[in-house]
Structure formats: C-alpha cells, structure tokens
Amino acid sequence: MSKIIDKKISAGILPLTLSISLILALFCMAAILLAYYSNLLWIQAKNSYRVELNAQSALEYVLNNKISSIPLNSSFSTDLFHQGRDSVTISKRAWGIYNLLSIEAYSNKIRHNTNQLIGYAGVQNNLALYVCNSSPTALTLAGATEINGNAWLPSKGIKAGTYNRIGYSGSSLVAGETYRSESKLPTLDDNINPKLQQVYDLLGTKIEQVKEVPKAMENSFHNQMKILYSQESILLQSQLKGNIAVVSASEIEIDPSSNLDNIILVAPAIKFKPGFKGCVQAFADKFINLASGVKLLYPSALITNSTKDSQINISENVVFQGVIYQSGDTKLNPSIFISSGSRIEGQVITHGSIEHHGIVYGQILCNSFEINDNSGLHINYLFNAVVDRFSLPETYLFPGILASDIQYPEIITRLQ
Amino acid sequence: MKRSTHTFNINSFNGRISCSTLLETIVSLLLANIVFFFAFTIILNSMSGNFMIREYKAHLKAYSFLTQEMLERNFEDKAIELNNLNLQKKVISVENEPGLLQFEIKVTDRTGKEILVLKNYIRHEKD
C-alpha cells in the first residue's frame, strides 16, 4: 500500500485539480449566497405582511370604543396578540376640529405607518333641529319651509305663520318627533375647547414669517406640521396638500385657482372667492365668508372663535360638506347667514342665531333663528328653509363636537 | 552582490508527485463537492416550490381568505381546502374587549403540518 502511495505520478495533474476545486468553491459560494439572500427577502416580505396586518388590527382595536379614552396628544404602545412580536404604537392628536389617529406597527426594522381622520356615527336620535329654550317666542315657519327629522323646540313650541305675506305651505310642521329643548345647547365634548385653543394658539406662535406662500407644497402627516405664517394678509393661489397650516395675523383670501386639500387656515378673517373648490378647515376670529359658487368638500369645517362677535356668511349656490361651529355667545344678528340656493351637508352648531334660507341636510343646533330685514328683526322665523336629517348620508361621520356624538368611531379618510 | 531571482517554470509540472499528494487533493475536491451538493439542494428546494413558493402561495391564499371573511363580516368558524392547502378560520372572543373578535387563519398542508398562522382583530359591535 505504501508503495502505491509513494509512487510518483505526473505533477501536471495538481494545477488541474486545484483549478477545478477553485471553480467549485466559487459555485458553492454563489449558491449559498443566493439561498441566504432569497431566504432573507422572504422573511422580510413575511414580516412586512404581518406588520401591515397588525396596523389594520390596531386600528380595529382602538376604534372598538377605546379612542375616547385616549387623551388628546398622547400615545401608547401595546403588544397586540401578547406574543411579544406584534408591537404597535397608537397616537391621537387633533387635526383642526377632527381627531387624527396615527398607528405605527413595527417588527425589528420593518415599520408601517398609517394616519386617519376619525369621525363618529353618533347617537341615532335623528336630530334635525335643536332650538334652545331661551327664546320668548315660538318657532314660526313660513313659505316652503321643511323640517324632516326630530326637533327639540322651545317651550312656546312651533307654529305656522306668514313672512312678507307668504304663509306656510307645508302640510305638517315637523316630519318627526318633537321634544322640549333645554335653555342651553346639549353638552359639548370636553376635548373641543382644547382642540380649538391648539389651533388659535398658532396665531400667537413666534415663528419665522414666509415672504410668499409657495406655489405648491405637500406635507405628509408622518412629518411635523408645516406652518406658513404671515403678519400681512395672504392671497392663496397655491396647491397645498396635507399637514400644512396657513396662518395670517390679518386676513386670508382664497383664490379659485388654488387647490387646497385637507389643510388648516387660521386668521381673524377668511374669505373664499367665488368658484373655489377644495377641502379645508377654516378657523377665524371674526369673519368667514363663502362667496357664491364655493364648494367645500367633506370633511371641511368653518369655525369661529368664542371670545369675539363673529359671523359666518354663506352666499348663494354654495355647497358645504362638513361642520360649521361657532362657540361662545355671539351677539351679532344673525351670527350665521345661509343664503337661498346654498346647501349644507352636515352639522351647524352655534350659540348665537341663524338666518337660514337654504338647505341643510343634517342638523342645526342654535340659540334661535332670525330674519333681519328692512322691516326689522323677526325672532325665531324660518322662511323657505329646509332642514332634512334624513337626506344626510348614513355614512356621514360627525367630528364629535357634541358629547352625545362620541359613539361608534369610524375612519373619515386615510391621510398620507 | 549577486542579484537573487526566481521565475516560475511551467516545466516544473513535468516532474513527478507522490500519490499521497494527489490523494489529499482529491479529498479536498470531494469535500468541495459535498458542500456544493448541499448548497445546490437548498437552492433547488427553495426554487422548486417545496419550501418558499409553497409558503408564499399559502400566504396569498390565507390573506385573500382573511380579506374575504372580513369584507363579508362572517363571524363564524369556517374551513376550506384550496390547492392542497387546508385553511381553517377560528373566531375567538378577545378577553376584556367586548365588541372585539380575533380572526385566526391557520394554513396546513395535507399531512397536517402547519405552514402559517395569521391573526387579525375585527369589530362586530355595530352588526
């Protein structure tokens, strides 16, 4: 045996053997790397699927009547299925008058973020009209006025009457149940005032002024809010989308050429020029004017401040979808004016009075109705006005201004 | 001083080596082959659908099954068979969370071996 081992053979076989070994080693390396990276990619894909599903689960988890227990501007983390691998962080903050829910699901380095505006289906009481029991006169209906839905009325009740010699043309005064109202509006949600304060605080922020609002800007809700602040009046002719607040210490005018999507406007006076179409939340100290033909799409909001005598004016042929809210006791007559031919889909809430000649698909809650004309002030008069709770789509979600609305939370829209 | 130089001479391989040297080389070659064989087997397994593609398909089936059950808001246990895979949905009440249910989708092959489990929460209070 040792003779065979000691036998000498041609050395030329050695480089050949080494070369083959080297080539095989390279193949092995490539094969192993391919297997490793394929596996790694698949594990990442699996985790990414799971994290995305966890974000969906977290949303269901928090919308299951948990959202109201989360304090505003706070967040918490939880392990969804208690297995130590399904972590999510849920945070709630205000986006104007609405609640913004942010969910981050994560596993190692894989993260999935979602942002959504939350609204409430509210209590199913078919409330169409709530007039506080503070007025000494009955609610008088004249012309082609319609009230479809349940009405909470002052103790003097409701009656048919005439305005400008035109009598009431309807067959029944209220197409729904009637109840006695209280002297004040129904209880508001505790979070409303802090939310409004948060927005109006933007007026006092000491931030750098912008010389000119950019022509186009988009900001994700994953980022910090961008505030475009000016002490001068602003004429908006821009395309703005997302997590942006335009703040002026003077006045904001919105040109119909501008394209605004889910942004916030804050100023003492806000004026929408004729023909503007978009989705905004406008917060004013004194005055909001929607010129004729303006379309503000859901979920928009028109809000005026509590401490000032503020007014909201809605001109003819306006379509507004969302909420109009006027807080505090405003003494202007009227504090909200709704022109004929305009349509509001949603909720109108004011501690003041409303002059209403248009159509409201949804709810009106107010101190009183008024008609202020040359002949004087007609208190608690409705002339050619429609309030129709049943025409509000069932899918409509309220922002939760009234405490009784804070039920059945759902997603209004997903934000980027 | 004489300059030292060394050049590789290809003619060196015209010489003779011992069989033991060749044996060592062959053993090395064999080992390399074995490693290559295993690596290649893993790749083949991964690519041929026995491992990754099967799991990928199971995932797709499980997700579409879960989505369908959520959209239909079907809150009952259910089991289906799809392309040699058994998909079983269990509806579990979540402790201390009234109104919240957990959908658990378990995917097994024909031998009963578990391939994956998906879990998801869904509300049912409004129904």
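Scroll up for the structure.
Residues numbered from 1 in each chain as written. Chains lettered and ligands numbered in written order. Predicted model: local features only at pLDDT ≥ 70, side-chain atom pairs only at ≥ 80, totals over all residues. Heavy atoms only, no water.

1. Considering the sheet that holds strand 2 (residues 74–79) of chain A
Residues and elements named next belong to chain A. Read from one edge of the open sheet, five strands run 2-3-4-5-31, paired in antiparallel fashion. Each end of this open sheet is capped by a strand with a single partner; those strands are strand 2 and strand 31 (409–415). Averaged over all adjacent pairs, the angle separating strand axes in this sheet is 30°, with direction ignored. Pairing between strand 2 and strand 3 (residues 87–95): six bridges, direction antiparallel. Counterpart to S75 in the pairing with strand 3 is S91. Helix 2 (residues 13–63) rests against strand 2, strand 3, strand 4 (98–107), strand 5 (110–120) and strand 31 of the sheet, and its axis sits at about 145° to strand 4. (Pairing = 2+ DSSP bridges. Helix = DSSP H or I, 4+ residues; strand = E, 2+ residues; numbered from the N terminus. Axes fitted to C-alpha atoms, helices over the stretch in contact; angles between N-to-C directions. Contact = heavy atoms within 4.5 Å.)

2. Quick look at the environment of A:N73
All names here are of chain A. The residue N73 is located in the loop between helix 2 and strand 2 in this model. What makes N73 partly exposed here is its relative accessible area of 48%. As a C-alpha pair, N73 and I23 span 50 residues in sequence and 62 Å in three-dimensional space. In contact with N73, not counting residues within four places along its chain, are K92, R93, A94 and Q198. (Buried < 20%, exposed > 50% of the residue type's maximum accessible area, 1.4 Å probe, protein only.)

3. Topic: unusual backbone geometry
All names here are of chain A. Omega for the bond connecting Y298 with P299 falls within 30 degrees of zero, at 0°, which places this linkage in the cis form. Along the chain, P299 falls in strand 20 (residues 295–304). Residue N73 is not a glycine yet carries a positive backbone phi of 60°. Even without being glycine, N126 reaches a positive phi, approximately 50°. Structurally, N126 can be placed in the loop between strand 5 and strand 6 (127–131). Relative accessible area serves as the criterion here: at 32%, N126 is assigned to the partly exposed category.

4. Examining the nonpolar core
Residues and elements named next belong to chain A. In this structure, L129, L236, L240, V246, L265, F272 and L302 are the most contacted members of the largest nonpolar core, which totals 52 residues. Here this core gets six residues from one element, more than from any other, and that element is strand 18 (residues 259–272). With residues near it in sequence (within four places) discarded, V246 still touches L228, I234, L236, L240, I252, I263, I264, L265 and V266. Within the second largest apolar cluster, 35 residues are counted, among which are L203, A245, A301 and V323. (Core = buried A, V, L, I, M, F, W, Y, C linked by side-chain atoms within 4.5 Å.)

5. Things to note about the side chain of A:S335
All names here are of chain A. Locating S335 in the fold gives a position in the loop between strand 22 (319–326) and strand 23 (336–338). In this structure the side chain of S335 is engaged in a polar contact, spanning 3.1 Å, whose partner is the side chain of Q326. Looking at S335, its side chain comes within polar contact range of the main-chain oxygen of S353, at 2.8 Å. (Polar contact = N/O pair within 3.5 Å; in protein donor to acceptor, adjacent residues only side chain to side chain.)

6. What about the pairing of strand 19 (residues 277–290) of chain A?
Residue and element names in this part refer to chain A. Of all 14 residues in strand 19, eleven are buried; the element is thus mostly enclosed. Looking at chain direction, strand 18 and strand 19 are connected through ten bridges and run parallel. Counterpart to F272 in the pairing with strand 19 is L290. As paired elements, strand 19 and strand 20 share six bridges and run parallel to each other. Looking across to strand 20, one finds that Q281 is bridged to A301. The pairing of strand 19 with strand 21 (residues 311–314) spans four bridges and is parallel. Note on strand 21: the bridge partner recorded for L290 is I314.

7. Section: the interface of chain A and chain B
Between chain A and chain B, the contact holds 44 residues from the first and 40 residues from the second. Of the roughly 4100 Å² buried where chain A meets chain B, counting both sides, 67% is carbon and sulfur surface. Remark: the boundary between chain A and chain B carries two salt bridges. Summed over the shared surface of chain A and chain B, the result is eight residue pairs in polar contact (both at pLDDT 80 or more). Elements supplying a minimum of two residues to the side of chain A that touches chain B: helix 1 (2–6), strand 1 (8–10), helix 2 and strand 31 of chain A. Considering every element that reaches the side of chain A that touches chain B, the biggest residue donor is helix 2 of chain A, with 25 residues. With three bridges connecting them, strand 1 of chain A and strand 1 (residues 16–18) of chain B associate as antiparallel partners. Residue pairing in the sheet places A:S10 in a bridge with B:R16 of strand 1 of chain B. (Buried area = accessible area lost by both parts, 1.4 Å probe. Salt bridge = Lys/Arg side-chain N within 4 Å of Asp/Glu carboxyl O.)

8. Notes on the sheet that holds strand 7 (residues 139–142) of chain A
Residue and element names in this part refer to chain A. Strand order in this open sheet of three strands is 10-7-29, and the pairing throughout is parallel. Every interior strand has two partners, whereas the edge strands, strand 10 (158–160) and strand 29 (381–383), have only one. When strand polarity is set aside, the average angle formed by the axes of neighbouring strands in this sheet is 20°. One ladder, built from three bridges, connects strand 7 with strand 10; its direction is parallel. Directly across from L139, in strand 10, lies its bridge partner I158.

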